[in-house]
Amino acid sequence: MTHLIGKQVLMDDKKKRSRVTLQQVAKHAGVSRATASLVVRGSPAISKETREKVLKAMKELGYVYDRVAANLRSQRSSTVGLIITEIGNPFFF
């Protein structure tokens, strides 16, 4: 289903462009998914030539690293929570 709003056309979620995966980037660069993952994580074990090839593939395909998804996979985050019980107390300012 397509909706027209003025001259802008909105498409259903199914027709929207899906996110580029790391697997697609790896295939485009001619490397393994593990190698592409090491490049994303900044591993020094990857050669400069391979790193540049993967970064070029990421740029060409429009890959965007999803930090939320990475945190879900690792079951860790670097988020710190803070609870303030009395917002009017000048001690918290």
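Residues numbered from 1 in each chain as written. Predicted model: local features only at pLDDT ≥ 70, side-chain atom pairs only at ≥ 80, totals over all residues. Heavy atoms only, no water.

### So, a nonpolar patch on the surface
Turning to step 1, where the next piece is worked out: A cluster of nonpolar side chains, contributed by Leu82, Ile84 and Ile87, occupies part of the molecular surface with about 330 Å² of accessible area.
Turning to step 2, where the next piece is worked out: Considering the arrangement of structural elements, one finds isoleucine 87 in the segment after helix H4 (67–74). (Patch = residues over 30% accessible without salt bridge, like charges linked within 9 Å, V, L, I, M, F, W, Y side chains within 5 Å. Areas by Shrake-Rupley, 256 points an atom, 1.4 Å probe, with all protein chains shown as cover. Salt bridge = Lys/Arg side-chain N within 4 Å of Asp/Glu carboxyl O. Helix = DSSP H or I, 4+ residues; strand = E, 2+ residues; numbered from the N terminus.)

### Describing the environment of glycine 62
Turning to step 1, where the next piece is worked out: Relative to the elements of secondary structure, glycine 62 occurs in the loop between helix H3 (48–61) and H4.
Turning to step 2, where the next piece is worked out: Considered as a pair, glycine 62 and threonine 21 are 41 residues apart in the sequence and their alpha carbons are 9.8 Å apart.

### Structural notes on the pattern of salt bridges
Turning to step 1, where the next piece is worked out: The full count for this structure, using the stated rule, is two salt bridges.
Turning to step 2, where the next piece is worked out: Residues glutamate 60 and lysine 56 are paired through a salt bridge, measuring 3.8 Å at the closest nitrogen-oxygen approach. Taken together, the residues span about one helical turn, with glutamate 60 and lysine 56 both in helix H3 at a distance of four residues.

### Notes on the confidence of the model for the chain
Turning to step 1, where the next piece is worked out: Averaged over every residue, the pLDDT of the chain is 80; residues scoring 70 or more account for 78%.
Turning to step 2, where the next piece is worked out: Taken element by element, the predicted model of the chain shows its lowest mean pLDDT in strand E2 (residues 8–11) (45) and its highest in H3 (96).
Turning to step 3, where the next piece is worked out: Taken together, the stretch residues 1–15 has pLDDT below 50 and engages in 13 contacts with residues farther than four places along the chain or on a different chain. (pLDDT = per-residue confidence, 0-100. Contact = heavy atoms within 4.5 Å.)

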